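What follows is the residue order along each chain.
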Amino acid sequence: MGPAHRVEGMTDQAPSPEPPIPGKPTSASRTTLSHIMTGGDTNLLGTVHGGVIMKLVDDAAGAVAGRHSGGPAVTASMDEMVFLVPVRVGDLVHVKAQVNWVGRSSMEIGVRVLAERWNESTPATQVGSAYLVFAAVDEEGRPRSVPPVVPETERDKRRYQEAQIRRTHRLARRRAIKELRAKRAAEGIDDRRGDPGPDER
């Protein structure tokens, strides 16, 4: 076949990059998980164990991350888990979660925890809050791209901006700790033996 002949569909150009993933509005994955607290949920003080609340928070955030990303997502970190008021047996707990910010494969999920008495009609009270970072993964556990989030309300826009600040602080904190450890190691100081905190990778 001479140079004048070309197979149909073949070109000398590199393949074009994949088109960008269309964004999803915040409301598309917003979720509320409700659960009534029972005697099996209590700690030694007789109130609901913080770990029970944390699991509900992780469950709700995981559902939001999976809905937004359209597939599996794993918890990468939990930031600023705050307990404001003790939760009691008989409380109906509502865990409200939404996507605040999205990177290439990571998502910050904001969570509010509210509680109300199961047999009363009084308004629910906020009892806790948390921010979690999830990473979307494929079948082999490798990071995969996720759709951008499209804030819809002024509150969504504020949460998006606050999430960017938290991300900047997380990265700066990680970098500062890594630099401090490298400096101490260069000075011949190895003080991490027996350290109860997690090691940076």
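As the structure is a computational prediction, the values presented were derived from the model and not from experiment.

A. Fine view of the overall build of the protein. Looking only at helices and strands, one finds two helices and seven strands in the protein. Out of the 201 residues in the protein, the part that is buried amounts to 29%. Within the protein, contacts between residues at least 6 apart in sequence are counted, and of these 69% link residues at least 24 apart.

B. Quick peek at the nonpolar core. Of all hydrophobic cores here, the largest spans 28 residues; its most connected members are Val 57, Ile 109 and Val 111. Broken down by element, the residue count for this core peaks at seven residues, all from helix H1 (residues 50–69). With residues up to four places along the chain from it excluded, the contact list for Val 111 reads Val 57, Ala 61, Val 95, Lys 96, Ala 97, Gly 128, Ser 129, Ala 130 and Leu 132.

C. Highlighting the pattern of salt bridges. Under the defined criterion, the tally for this structure stands at 11 salt bridges. A salt bridge links Asp 79 to Arg 170, with the nearest nitrogen and oxygen atoms 2.6 Å apart. Remark: Arg 170 occurs in helix H2 (residues 154–186) and Asp 79 occurs in strand E3 (residues 73–83); sequence separation between them is 91 residues. An identical accessibility class is assigned to Asp 79 and Arg 170; each is buried. Notably, a salt bridge pairs Arg 142 with Asp 138, separated by 3.2 Å at the nearest N-O pair. Overall, Arg 142 belongs to the partly exposed group, its relative accessible area being 48%. Of the residues examined, Asp 138 reaches a relative accessible area of 18% and is grouped as buried. Among the ionic contacts, a cluster of salt bridges with common partners joins Asp 79, Glu 108, Arg 166 and Arg 170.

D. Quick look at a nonpolar patch on the surface. Nonpolar side chains collect at one region of the surface, where Val 82, Leu 84 and Val 85 lie side by side and expose about 230 Å² of accessible area between them. Counting through the fold element by element, Leu 84 comes out in the loop between E3 and strand E4 (91–102).

E. Fine view of the side chain of His 68. Here His 68 is to be found in helix H1. Discounting chain neighbours no more than four positions away, the residues touching His 68 are Lys 24, Ser 29, Val 99, Val 102, Met 107, Pro 147, Pro 148 and Val 149.

F. Geometry of H1. The terminal C-alpha atoms of H1, which comprises 20 residues, lie 28 Å apart, in line with the 28 Å expected from a rise of 1.5 Å per residue. Listed in full, the buried residues belonging to H1 are Ile 53, Leu 56, Val 57, Ala 60, Ala 61, Val 64, Ala 65, His 68 and Ser 69. Downstream of H1 by one or two residues, Gly 70 has phi in the positive range, about 75°.

G. Quick look at unusual backbone geometry. One non-glycine residue, Glu 80, lies in the positive phi region at around 55°. Mapped onto the fold, Glu 80 is located in strand E3. By relative accessible area, Glu 80 is classed as partly exposed at 45%.

H. Molecular detail of the confidence of the model for the protein. Here the protein averages 89 in pLDDT, and 86% of its residues register 70 or above. Every residue in residues 1–12 scores below 50 in pLDDT, and together they form two contacts with partners more than four places removed in sequence or on other chains.

I. The sheet that holds strand E6 (residues 125–136), seen in detail. With antiparallel pairing, the five strands of this open sheet are ordered in space as E2-E4-E5-E6-E3. Each having just a single partner strand, strand E2 (31–36) and E3 make up the two edges of the open sheet. In this sheet, adjacent strand axes meet at a mean angle of 25° when their direction is disregarded. Bridge analysis of E4 against strand E5 (residues 106–117) gives 11 bridges, and the strand direction is antiparallel. Looking at E5, one finds that Lys 96 is bridged to Arg 112. In the packing of H1 onto the sheet, the strands contacted are E2, E3, E4, E5 and E6, and the crossing angle to E3 comes to about 135°. Along the sheet face, H2 touches E3, E4, E5 and E6 and points at about 75° away from the line of E4.

What counts, and where the lines are drawn
Residues numbered from 1 in each chain as written. Predicted model: local features only at pLDDT ≥ 70, side-chain atom pairs only at ≥ 80, totals over all residues. Heavy atoms only, no water. Helix = DSSP H or I, 4+ residues; strand = E, 2+ residues; numbered from the N terminus. Buried < 20%, exposed > 50% of the residue type's maximum accessible area, 1.4 Å probe, protein only. Contact = heavy atoms within 4.5 Å. Core = buried A, V, L, I, M, F, W, Y, C linked by side-chain atoms within 4.5 Å. Salt bridge = Lys/Arg side-chain N within 4 Å of Asp/Glu carboxyl O. Patch = residues over 30% accessible without salt bridge, like charges linked within 9 Å, V, L, I, M, F, W, Y side chains within 5 Å. Areas by Shrake-Rupley, 256 points an atom, 1.4 Å probe, with all protein chains shown as cover. Expected span 1.5 Å × (residues − 1). pLDDT = per-residue confidence, 0-100. Pairing = 2+ DSSP bridges. Axes fitted to C-alpha atoms, helices over the stretch in contact; angles between N-to-C directions.

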